[in-house]
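# Architecture and fold: a report
The residues making up each chain are set out below.
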Amino acid sequence: MVAEENLRVVRSGGSKLNFRRAVFSADSKYLFCVSGDFVKVYSTATEECIYVLQGHSNLVTGIQLNPQNHLQLYSCSLDGTIKLWDFIDGILIKTFVVGCKLYAFFASVHLEDSVFIIVNKEIPDGFQLASLKLPKSPSQEVEAKELSFVLDYISQSPKCTAFGREGQYVVAARDLYMSVYFFKKKKTFRFSLPSGNKKNCNNIFTCIACHPKEDCIASGHQDGRIRLWRNFNDNKNYTYTSLHWHHDVVMDLAFSIEGTSLLSGGRESVLVEWRGGIEKNKEFLPRLGGTIEHISASPGGDLFCTCHSDNKIMIIHRNLEVSAIIQGLVKDSVVNTGLMIDPRTKALVMNGKPGHLQFYSLQNDKQLYNLDIVQQEYVNDPGLVHIELMKAAFSSQGNWLATVEQRHEKEAELELQMKLWEFNEQQQGFILNTRINMPHEDHVTALCFSDTENSETPTLVTTSKDGHFKVWILTNDSDIYKQAMGWTCDFVGSYHNYQATNCCFSEDESLLAVSFEEIITIWDSATWELKCTFCHRPGKIKNLCFGRQTCSKYLLGTTEKSFLCCWNLLTCALEWSVQLSVIVLEPDPNSDNIAAMSWSSGGSDLFVFKPSEPRPLCIQKSMCREKVQCAVFVPRDVPESFISEDYQWLNKSQFYFLNESQDLMTFSTKSPEEKLTPSSKQLIAEESLPTTPFYFLMGKHRKQQETNEIMENELIYHPSAEDIPAISELLQTPAHVLPSASFLCSMFVNSLLISKGTKSAEEIPDDIEMESGKATDDSDEENDISEKVQKATNDTVIEDEIIPQLSKTQERELRKLRKVDYSWMCSL
Amino acid sequence: MAASGGGRRDPLAPSGSPCAFSPRGQHYFSLAGPDGHLRVWETASSRLHQDFVPSAHLSATCTCLAWAPPRSLAKEGPQRKKRKSEAVGTGDQVDLLAIGTAVGSILLYNTLKGELQSKLVSGGHDNKVNCIQWHQDNDCLYSCSDDKHIVEWNTQTCRVKCKWKGDISSVSALCISPDGKMLLSAGRTIKLWDLETKEVYRHFTGHATAVSSLMFTTLRPPKESQPFDGITGLYFLSGAVHDRLLNVWQVRSENKEKNAVMSFTVTDEPVYIDLTLSENKEEPVKLAVVCRDGQVHLFEHILNGYCKKPLTSNCTIQIATSGKDKESTPSPIPILAAAFCSDKQSLLLVYGSLLQPAIERVSLHSKEPHMCLIRDINCWTPKIGVAVTKVKTPVMNSEAKVLGPGIPGHHAAMKATLETEKTESKKRLKENEQISIEERLGAMDIDTMKEKRKGDLKADSYPVLLVQGLESNDCYMLNKVLQTRKDTLIRNTVLRIPVYAVIPLLNELTKRLQGHPNSAVLMVPWLKSVLTIHASYLSTLPDLVPQLGMLYQLMESRVKTLRKLSRLHGKLILLITQVAASEKTQGVPPPEQTAKLVYEEESSEEESDDELMADKNSDENWEEDEEEKESEKDEVEDDDDEDDDDDDDDDEQEIDQDTENEMT
């Protein structure tokens, strides 16, 4: 295969998407969100991740579109840099090194030369809003140190800082105080609210939003109230009105781009739209899932998006209809079910949303769907105890799914329910076959299936803290009314009333191992007779598994007192034991290897070994800082063929594990360089759509309105091809799509006037034209304007001499013009 | 597999719709429907991923589709820093789909962004585009058309690189050789072009009708003796319109050979073909051919020279509806496309309607020559106005079996426990022996007593009715008897039923106890009187444990929730009976019985203290009147300390006590 580097631990997707507000691009086609050290660019139409902007070396804390150029994006990070990206092509343009941890980033159209950041200078809890001058320099890495503080002692969260209408003022809130700083007057006003000793009154600020057109500030509070502040350029005569619908914290607020409506959301997971700032006039979009953490509105005004605590971004249309869901790996606080592989779809399965089982495609890094196991409406309220999905197991062919759910309020009785789902091939979905109430009298600790193809009845074993393990088999329940198959209990086993903690079938399923606290019992699965017991005192058994394939005569167990033991089932003797505090013990289903992950203060270690061999195949010390929660081997579709001993264990399966911070990690053997270099096969298809006649006329008119002087320039320097087509298009276009004659006239005249001086441009053959286009493209990526001038062909030199500094948008405009169809020339 | 990128379609027939799987892993399936929509589905979840309507979909309908080879998306900035952990790329992403139209233009659609990226028009075709092939290495795209030309496009610039006349009639199919240096084109005859010089390298006879699909089947020639120049010795496959034979051709070094090497026969003309490329000599080529009639034929063959007879398929896959419900006859479901998964062991099948096809992964382990999959297509009908959601709800219907504590099947049947729970069963065995001796004596007494009683009392209609009801299993009769609430009536009825009716009565009672609580309450006095009156008979039965095991479990599980209360209740009953008994003994002269029985009474009194109580536990608890609970609650706390005895006794012990009670 490829040249093999060291095994490296890499993050395998599933990272957090809801850390900060998502940002829309100007045309609402793209959505940006921070995700760990990266910024992800999603398409709002297809929910697909288009680019991952990598470059920061620490958590990205803020993103915002460049107000000067809406095709660029600023991002700031805890690594002390601000980076400027071209998100259309996914490339880094510039890096500004600030040198201290940056917690948030703001930029405003009206304050051109500087941007604002939240930094933490002295005291651990004191954050300042500072303005930063970004130096204009052609080099790629620029130091930016000109900090000037604007507001002191503000909140770390960017939600509590907002810029007002036309960048005239900035508002920041913390605890019970709100400060407004006016840039022109250089004056700060502070407003405070009473601490609220009254009932149901908690006035702590949680978020701030500013009206885009009026002098109005909206603030959200801990008790669910929203206040609209006006007249705040006066310390005494300020007023506020309050809106109250939320019964819990207002998590975020956002004004629509026109300012006509205010959006708010919180733990209720209902998006509330307040129209015109009047309390009566509100619309709701309920049942959105997890807590709404962030809300943002697109600059185009057609879309909103909400980020939810279940790692999801919902794109919502203006009329409050959900149009797309970008769903990451749902991170619950605990992974009760562990990691599993669905044998049918090869998807990773774990518990996701409350009461759901999530299916996650590892190949695409995308959630496939959530399977609603509990089927009860989820009410997001802190006081409620919900039914939780505790355990799940698939049979080896994926025909059966067993789930255990429980609800345990502190004083009340434990409620347990086990459901057995059959995969129905006709309907291609799971159908409930048997529901068992209280399968055990106490918590179910483990589940395992045995159904090889040759065995006739699938068998399920459940172990419980009530000291029993139960064997459930599929039996024929047919009677005269219907044909039915159902699960019934076949056998109940116990051992001296000890709690049963683990169970495991041997590979040929002739033996069942059940651990009872310190003792492992081996049962014959044909007669359910107790065959023998193993024990390695002291310490309760934590993990249990049989060896596979050539090592199927071994049984492995780990104890709480940090021993890993291997017993030989033929001699019934301890083969070997090692002192190792193993957390996860996971056998590879496709080979005889077993992975053990241990944890010490230095980090998690991985050991891969064959039970029959004394020497481990692979040792990875401190491969991950956090404790590993669970791990799984995922069979590869196409086996790899690593020759080196270190990776042979990865030939048939890929190894995934989940650490305590809920990151899904895996091992990569490719070198980082290889992964990063763009492949030579890269195929850059330029966007070249032939323009429609309508676009041609209308688009031109718009440009004219917006930037008159640029238009003039363009008309002078690029009078070339499109003018005469303009006439022809004008003549071809059906009358009903033509704009009004008043501006058609001026264009028509213009085109006639300048059509003479274009000969030089027209004579350039097509190919060279395109090459020059490419050349500018390349240099564009390096963002070096001066270089570009030299590379470009004659006519572009002339252009650039006349306008030496073209902005990015202008550049793009020019390039577009150059791409216009010249084929009509041939016919002349 | 690499050759599966291009969707092939029959250029003449109107019904076949162009469709294609995305290369490398087949995560997406795209299909251009007859309504002009281009739809892309996720194969893993069968979810509609996007729906695109080209602006000119009515005039320029889509005639062919081709996914671009995957390209990597992660571009990094000019500077690179060492990072602790970087995201593992999800590999190269597929994002471009080339769409050929009926008017000759080619659209490049970006599936990631969901928008049209480019349109290849200028200098291209002026008639229907028949086939598009991406070059696997560079940015070239090849297309052929009814205008007899083949065009090489540069996708970067969206311009024509080269255009040449490919045939005297329309060119209907293209295929690029594995090394990327040759191009196969076909109208009716097949030509092999050198891509550098654009000259014809070989001619092949071809088919009688227009060739609809071309594919290379091997990466290396089977004979390794001669040096490999990239093309000589390779096999390729061709299928044509209205032709039920797929021909296999070999590129030979000598120029003469123009006929097919071998052929595969299928039932109808091929619509979609997928194959696994064989990388070495031993590995057979696996071929999946989707026919117009909706079947899939699978072939497995090692290509090795001539074969005169056309080969028939190893396996045929069909899909049909079950036909169980209202529609009386099962109707076939057409398969639209099939592709081998990357493990070569399973097949992705797309079937159903063009608007909402179902996508399923079928493993190919069975050796059967014919597979008929029964699928319910109704659940895939397109739904309108459903909110965007990513939650699937599995079916929970009332047909599912429900097990709860006390319902048979929730706990293991009792007979099993005798064999396995060794420690307990040993004890039990001893007890059994003891019981049996006592029992015989007791039973004799009772029988005689009963006979006497029978003689005395008049035969009531209730016992007769009950026995008849039990024998005929007549619900009406049973209801009439069992729904009475009078305790004396119940007692008398139970007293008078024959012994052979006891077990059926108990079974009937058990069944009714599992039902609705309201009706179960009525059964409790019946159960109580049966157990107290007929305990002696019951204990004589050898197979009592399996027969009444279910009843025992039921009682256990119901009593469990009120363990303390039932203990208290049992103790109180014990006290009351003892008090009553002592009063009796004081008042009544000592019984005129033999010494043997006196002895027994003493011994059993010690034992029966707790046993009797346990018995009462299970019996009395059925009538958990609210008042009782209320009144006894206070006492529960006081009596807690005294509850030190265990509840491990089971049926037999209870029955044992019952007999003793009777005897005393």
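Residues numbered from 1 in each chain as written. Chains lettered and ligands numbered in written order. Predicted model: local features only at pLDDT ≥ 70, side-chain atom pairs only at ≥ 80, totals over all residues. Heavy atoms only, no water.

### A few points about the overall build of chain B
Across its full length, chain B holds 13 helices and 31 strands. Total accessible area on chain B is roughly 31400 Å²; 53% of this is exposed by carbon and sulfur atoms. (Helix = DSSP H or I, 4+ residues; strand = E, 2+ residues; numbered from the N terminus. Areas by Shrake-Rupley, 256 points an atom, 1.4 Å probe, with all protein chains shown as cover.)

### What to know about the UniProt feature "domain: Small-subunit processome Utp12" (unreviewed entry) in chain B
In the numbering used here, UniProt assigns the feature "domain: Small-subunit processome Utp12" (unreviewed entry) to residues 473-575 of chain B. Helix makes up 81% of residues 473-575 of chain B and strand 0%, and the two end C-alpha atoms of the span are 41 Å apart. (UniProt positions renumbered as here; feature names shortened; annotations may be inferred.)

### Considering the sheet that holds strand S2 (residues 28-32) of chain B
All names here are of chain B. Ordered by their spatial adjacency, 4 strands build an open sheet running S1-S2-S3-S4, and the pairing between neighbours is antiparallel. In this open sheet, the two strands that pair with only one neighbour each are strand S1 (19-21) and strand S4 (47-52). With strand direction ignored, the average angle separating the axes of adjacent strands in the sheet is 15°. Pairing analysis gives 5 bridges linking strand S3 (residues 38-42) to S4, with the strands arranged antiparallel. If you follow Trp41 over to S4, its bridge partner there is Leu48. (Pairing = 2+ DSSP bridges. Axes fitted to C-alpha atoms, helices over the stretch in contact; angles between N-to-C directions.)

### Re the sheet that holds strand S40 (residues 459-464) of chain A
Residue and element names in this part refer to chain A. Within the open sheet, the 4 strands sit side by side as S39-S40-S41-S42. Their pairing is antiparallel. Every interior strand has two partners, whereas the edge strands, strand S39 (444-450) and strand S42 (485-494), have only one. Recorded for the sheet is a direction-independent mean angle of 20° between the axes of neighbouring strands. Examined bridge by bridge, S40 and strand S41 (residues 468-476) share 5 bridges and lie antiparallel to one another. For Thr462, the partnering residue across the bridge sits in S41 and is Lys470.

### Structural notes on the UniProt feature "repeat: WD" (unreviewed entry) in chain B
Feature annotation in UniProt places "repeat: WD" (unreviewed entry) on residues 122-157 of chain B, given in this structure's numbering. End C-alpha to end C-alpha, residues 122-157 of chain B measures 11 Å, and it is 0% helix and 50% strand.

### What to know about the pattern of salt bridges
Within the structure shown, the criterion is met by 29 salt bridges over all chains. Between Asp215(A) and Arg165(A) there is a salt bridge, with the nearest N and O atoms lying 3.3 Å from each other. Within this pair, whereas Asp215(A) is found in the loop between strand S19 (205-210) and strand S20 (216-221), its partner Arg165(A) is found in the loop between strand S15 (161-163) and strand S16 (169-174), the two being separated by 50 residues in sequence. Under the relative-accessibility criterion, Asp215(A) is labelled partly exposed at 33%. In this structure, a network of salt bridges that share partners links the residues Glu47(A), Glu48(A), Lys366(A), Glu42(B) and Arg47(B). (Salt bridge = Lys/Arg side-chain N within 4 Å of Asp/Glu carboxyl O. Buried < 20%, exposed > 50% of the residue type's maximum accessible area, 1.4 Å probe, protein only.)

### A closer look at the domain arrangement of chain A
Residue and element names in this part refer to chain A. The domain architecture assigned to chain A consists of domain 1 (9-154), domain 2 (156-328) and domain 3 (349-535). One C-alpha centre belongs to domain 1, the other to domain 2, and the line joining them spans 22 Å. Tallying the contact residues gives 33 residues for domain 1 and 42 residues for domain 2. It is Asn18, Arg21 and Phe24 in domain 1 that bury the most area against domain 2; as a group they hold 23% of the surface buried on that side. For Asp252, the salt bridge is made with Arg21, and the minimal N-O distance between the two is 2.7 Å. Between domain 1 and domain 2 we count 10 residue pairs in polar contact (both at pLDDT 80 or more) in total. Only strand S3 (30-35), strand S10 (102-106), strand S11 (114-119), strand S12 (127-133) and strand S14 (147-154) provide two or more residues apiece to the side of domain 1 that touches domain 2. (Domains from an automatic or database assignment. Contact = heavy atoms within 4.5 Å. Buried area = accessible area lost by both parts, 1.4 Å probe. Polar contact = N/O pair within 3.5 Å; in protein donor to acceptor, adjacent residues only side chain to side chain.)

### Notes on the UniProt feature "repeat: WD" (unreviewed entry) in chain A
Per the UniProt entry, the sites bearing "repeat: WD" (unreviewed entry) are residues 53-95 of chain A in this numbering. Counting secondary structure, residues 53-95 of chain A comes out at 0% helix and 65% strand; the distance between its end C-alpha atoms is 13 Å.

### Some details on the nonpolar core
Residues and elements named next belong to chain B. Counting 37 residues, the largest nonpolar core has Leu466, Leu506, Leu509 and Leu538 as its most contacted members. Of all the elements in the fold, those that place two or more residues in this core are helix H3 (461-472), helix H4 (475-482), helix H5 (487-496), helix H6 (502-513), helix H7 (517-533) and helix H9 (544-560). When residues in this core are grouped by element, the largest group, 9 residues, is from H7. Beyond its immediate stretch of four places on either side in the chain, Leu509 contacts Leu482, Met523, Trp526, Leu527 and Val530. (Core = buried A, V, L, I, M, F, W, Y, C linked by side-chain atoms within 4.5 Å.)

### Structural notes on the packing of aromatic side chains
Two aromatic rings, taken as a pair, are described by how far apart their centres are and by the angle between their planes. In this structure the tally under the stated criterion is 50 aromatic pairs over all chains. Plain terms: the ring middles of Phe191(A) and Trp229(A) are 5.8 Å apart, the flat faces sit at 45° to each other, and that makes the pair tilted. Of the two residues, Phe191(A) sits in strand S18 (residues 187-192) while Trp229(A) sits in strand S21 (residues 225-230), which places them 38 residues apart along the sequence. Look at Phe191(A) and Tyr238(A): their rings are 4.7 Å apart centre to centre, the planes differ by 65°, and that puts the pair in the edge-to-face class. You can see Phe191(A) sitting in strand S18 and its partner Tyr238(A) sitting in the loop between S21 and strand S22 (239-244), a full 47 residues away along the chain. Residue classification places Phe191(A) among the buried residues on the basis of a relative accessible area of 1%. Under the relative-accessibility criterion, Tyr238(A) is labelled partly exposed at 25%. In this structure an aromatic cluster arises from ring pairing among Phe469(A), Phe491(A), Tyr495(A), Phe516(A), Trp523(A) and Trp528(A). Seen from the ring of Phe182(A), Lys185(A) lies directly overhead, with NZ or CZ sitting 4.8 Å from the centre. Above the plane of the ring of Tyr369(A) lies Lys392(B), whose end atom (NZ or CZ) is 4.2 Å from the centre. (Phe/Tyr/Trp six-rings, centres within 6.5 Å; stacked < 30°, edge-to-face > 60°. Lys NZ or Arg CZ within 6 Å of the ring centre and 35° of its normal.)

### Description of the domain arrangement of chain B
Per the domain assignment, the segments of chain B are domain 1 (19-71 + 94-375) and domain 2 (459-559). For domain 1 of chain B and domain 2 of chain B, the distance between their C-alpha centroids amounts to 73 Å.

### Details of unusual backbone geometry
We note that His496(A) has phi near 50°; this positive angle belongs to a residue other than glycine. Examined against the element boundaries, His496(A) turns out to sit in the loop between S42 and strand S43 (500-505). With a phi angle near 60°, Asn473(B) is a residue other than glycine that sits in the positive phi range. Of note, Asn473(B) is situated in the loop between H3 and H4.

### Details of a nonpolar patch on the surface
All names here are of chain A. Side chains of Phe748, Val749 and Leu753 sit close together on the surface and give an oily, nonpolar patch of about 270 Å² of accessible area. With respect to the helices and strands, the residue Phe748 is situated in helix H5 (residues 741-754). Of the residues examined, Phe748 reaches a relative accessible area of 33% and is grouped as partly exposed. (Patch = residues over 30% accessible without salt bridge, like charges linked within 9 Å, V, L, I, M, F, W, Y side chains within 5 Å.)

### Brief notes about the pairing of strand S37 (residues 415-424) of chain A
Residues and elements named next belong to chain A. Along S37, 7 of the 10 residues are buried, which leaves the element largely enclosed by surrounding structure. Two strands pair when backbone bridges link them, and strand S36 (residues 400-407) and S37 are joined in this way by 8 bridges, in the antiparallel orientation. Counted as the bridge partner of Trp400 is Glu422 from S37. Summarising the sheet, S37 and strand S38 (residues 429-437) pair through 8 bridges and their orientation is antiparallel. Following the sheet pairing, Gln417 is matched in S38 by Asn437.

### A closer look at H4(B)
All names here are of chain B. Met477, Leu478, Val481 and Leu482 are the residues of H4 that are buried. The buried residues of H4 all sit within an arc of 115° when viewed along its axis, so they share a single face. Exposed residues on H4 whose side chains face more than 90 degrees from its buried face are Cys475, Tyr476 and Lys480. On its buried side, H4 packs onto H3, H6 and H7. By the N-cap criterion, in which a side-chain oxygen at the helix start approaches the backbone nitrogen of a residue two or three places on, H4 is capped by Asp474, the distance to Tyr476 being 3.0 Å. (Arc of directions from axis to C-beta.)

### Here we look at the packing of H4(B) against H6(B)
Residues and elements named next belong to chain B. The N-to-C vectors of H4 and H6 enclose an angle of 85°; their axes lie 13 Å apart at closest approach. The angle between the axes of H4 and H6 places the two elements in the roughly perpendicular class. Contacts between H4 and H6 involve Cys475, Leu478, Asn479 and Leu482 on the former and, on the latter, Leu505, Glu508, Leu509 and Arg512. A class-by-class count of the residues in the contact of H4 with H6 yields 5 nonpolar, 1 polar and 2 charged. (Parallel < 35°, antiparallel > 145°, perpendicular 65-115°, else oblique. Nonpolar A, V, L, I, M, F, W, Y, C, P; charged D, E, K, R; others polar.)

### Quick notes on the packing of H3(B) against H4(B)
Residues and elements named next belong to chain B. As a packed pair, H3 and H4 sit with axes 8 Å apart at the nearest point and diverge in direction by 145°. Crossing of H3 against H4: the hand is left-handed. Across the interface between the two elements, Tyr462, Leu465, Leu466, Gln468, Gly469, Leu470 and Ser472 from H3 touch Met477, Leu478, Lys480, Val481 and Leu482 from H4. Partitioning the contact of H3 with H4 into residue classes produces 8 nonpolar, 3 polar and 1 charged. (Left-handed = near helix turned anticlockwise from the far one by under 90°.)

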